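If you want the building blocks of each chain, they are given just below.
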Amino acid sequence: MTRLLLEPVKVGALIFVAAILQVTIFSSVDILGGTPDVVLLTLMAIALLRGSIFGAAAGFAAGLLVDTANLETLGVTSLLLTIAGYWIGRYGETTGRDRGHAPFVSVAVATILVQFGALFLHYMLGDPVSARVALLDALFPKVALNLLLTLPVYALVRRVLAWATEPEGATEVQLLG
Amino acid sequence: MAGVLVFVSIVLITIYFREPSGGSLHGIQSGGAAVLRPFEVGAERVARPFRDAYGWFAGLVHAKSENARLRGEVDRLSQQVIANQTAARENADLKRQLHYVGTTAFPSGYDYVATPVIARPPSEFQQQVDIAAGLTKGIRKNDVVVNKDGLVGLVTQVAHDTAQVTLLTDPTLKVPALDLTTKATGVVAHGQGPGTLILDRVLKSQTVRSGEWMVTAGWKSEGLKSLYPKGIPIGVVTGASLTDLSLYWDIQLRPRVDFGSLQNVLVLVPKTRQR
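What counts as what
- Residues numbered from 1 in each chain as written.
- Chains lettered and ligands numbered in written order.
- Predicted model: local features only at pLDDT ≥ 70, side-chain atom pairs only at ≥ 80, totals over all residues.
- Heavy atoms only, no water.
- Helix = DSSP H or I, 4+ residues; strand = E, 2+ residues; numbered from the N terminus.
- Contact = heavy atoms within 4.5 Å.
- Areas by Shrake-Rupley, 256 points an atom, 1.4 Å probe, with all protein chains shown as cover.
- Axes fitted to C-alpha atoms, helices over the stretch in contact; angles between N-to-C directions.
- Parallel < 35°, antiparallel > 145°, perpendicular 65-115°, else oblique.
- Left-handed = near helix turned anticlockwise from the far one by under 90°.
- Nonpolar A, V, L, I, M, F, W, Y, C, P; charged D, E, K, R; others polar.
- Pairing = 2+ DSSP bridges.
- Buried area = accessible area lost by both parts, 1.4 Å probe.
- Salt bridge = Lys/Arg side-chain N within 4 Å of Asp/Glu carboxyl O.
- Polar contact = N/O pair within 3.5 Å; in protein donor to acceptor, adjacent residues only side chain to side chain.

Enquirer: Would you take a moment to explain the overall build of chain B for this structure?
Expert: On a plain count of helices and strands, chain B comes out with 4 helices and 14 strands. Of the contacts formed within chain B by residues at least 6 apart in sequence, a portion of 58% connects residues at least 24 apart. Total accessible area on chain B is roughly 14,300 Å²; 59% of this is exposed by carbon and sulfur atoms.

This is the structure we're talking about:
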């Protein structure tokens with residue numbers, strides 16, 4: 001019961017802090033034309049550790065927070081991060097289970113797909129977008145920065161999610177026969 | 001579950017995109033932004049020393065390839081304690097803004113709202129920043145934003161306590177401009193590279209040379225007038241060329257404002273406006 005209540009609270013707190021840090025700090029970190037995306041990294045860790053449902057819900061909430069804080073079109077980031085969170089969660093539940101490289105693969109693929117998705121959505125909404133800037137100038141540095149931050153963010157999120165939560169699993173066994 | 005959230009996201013995009021700027025979703029977003037603002041301001045204050053420290057080290061690396069003047073500047077800066085430097089820099093920045101307000105270069109007929117920048121562009125698609133002042137300070141859509149160096153951009157969205165400023169480097173902004181020396185006129189727009197500007201629509205019959213300053217033209221015509229007051233510095237001409245086939249000059253500008261390190265800005269508010 002405690003776990004049922006505590007898990008969403010911890011996930012919500014992680015997403016909130018990540019979104020605030022992203023819009024105030026990390027968005028202005030420009031290294032070789034790319035900016036790290038700590039919201040996506042936090043979402044990746046949550047989705048891998050807690051599955052596709054948590055991933056999708058956390059992605060939706062994170063997107064709403066980012067769009068609200070930046071006064072951008074509501075729903076754009078939510079749509080992208082919901083799909084990203086769900087996909088990463090499914091990957092973690094299936095082929096990525098217990099694989100050491102799963103966080104890195106998830107981050108690399110999700111960063112590229114979210115960037116392409118954002119370009120497509122902004123184009124569809126009539127925003128002025130430059131595919132050259134988004135895909136040629138910014139994408140590679142962004143993937144590299146995200147990969148650099150993957151391990152620390154994943155470790156931090158895993159530590160927070162494990163905090164004050166009893167381990168999952170059977171506490172007693174009943175012998176049959 | 002995920003399908004429902006995707007559907008809700010698409011519904012949100014559709015409603016937000018179709019409703020007017022005073023619609024219910026915009027109102028909810030404005031309220032949400034007001035709730036998030038204290039957290040953003042808090043995070044900004046906590047991060048500022050680290051940001052300055054990062055900037056200091058980045059500047060140090062850059063200075064190695066610069067001349068002796070910049071080396072001297074780095075040496076001088078290295079003697080300061082980073083925490084004190086943070087406060088001193090902010091103080092100096094605000095003083096420069098106030099000094100600019102007191103000079104004749106400040107547009108007449110306007111008051112100003114001094115405000116810090118609290119959020120930067122979330123991705124490469126946007127050339128906007130968010131500022132910590134909105135409707136309550138008398139700011140409205142299409143108000144002009146400047147700093148001590150010159151034109152920064154235009155207010156494009158306003159909420160209760162915050163507003164979005166579209167920077168001069170955004171493809172959507174076009175600013176009528178005037179050459180201070182030759183009085184040639186044209187339209188400033190974003191250039192090909194990030195952070196660069198061009199001056200378009202300058203007829204061959206006019207004269208433009210490298211090194212000349214461009215300011216806002218501030219035209220008036222038959223009851224209409226430019227959004228931008230006259231005489232706000234925009235940038236300096238870095239290159240001007242002509243070809244036989246083109247109707248206009250091909251002119252590149254270097255913006256006077258450093259859009260990568262905006263910390264405080266002034267929003268120009270007409271004195272005639274009820275606040």
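That shown, we press on.
Enquirer: Can you walk me through the packing of helix 3 (residues 52–69) of chain A against helix 1 (residues 2–18) of chain B in this structure?
Expert: Working note: a packed helix pair is described by the angle between its axes plus the distance between those axes. Taken N-terminus to C-terminus, the directions of helix 3 of chain A and helix 1 of chain B make an angle of 20°; their axes are 9 Å apart at the nearest point. Considering their axes alone, helix 3 of chain A and helix 1 of chain B lie roughly parallel with respect to each other. Pair helix 3 of chain A / helix 1 of chain B crosses with left-handed handedness. Contacts from Ala56, Ala57, Phe60 and Leu64 of chain A in helix 3 of chain A reach Ala2, Leu5, Val8, Ser9 and Leu12 of chain B in helix 1 of chain B. Residues that form the contact of helix 3 of chain A with helix 1 of chain B fall into these classes: 8 nonpolar, 1 polar and no charged.

Enquirer: Honestly, the sheet that holds strand 7 (residues 185–190) of chain B in this entry has me stumped. Any pointers?
Expert: Whenever strands of a sheet pair, they do so through backbone hydrogen bonds, lying parallel or antiparallel. All names here are of chain B. In spatial order, the strands read 6-7-8-13-12-9; together these 6 strands close into a barrel with antiparallel pairing. On average, each strand axis in the sheet is inclined to that of its neighbour by 40°, with strand direction left out of account. In terms of strand pairing, strand 6 (residues 175–179) meets strand 7 through 4 bridges, oriented antiparallel. The residue of strand 7 that forms the bridge with Pro176 is Val187.

Enquirer: How do you make sense of the interface of chain B and chain A when you look at a structure like this?
Expert: Quite often, the size of an interface is put as the accessible area lost when its parts meet. Chain B puts 42 residues into the contact, and the matching count from chain A is 44 residues. For the pair chain B and chain A, the summed buried area comes to about 3,700 Å², and 70% of that belongs to carbon and sulfur atoms. Counting across the chain B and chain A interface gives 0 salt bridges. Where chain B packs against chain A, one counts 6 residue pairs in polar contact (both at pLDDT 80 or more). Of all the elements in the fold, those that place two or more residues in the side of chain B that touches chain A are helix 1, helix 2 (24–63), strand 1 (110–119), strand 2 (128–131) and strand 5 (163–167) of chain B.

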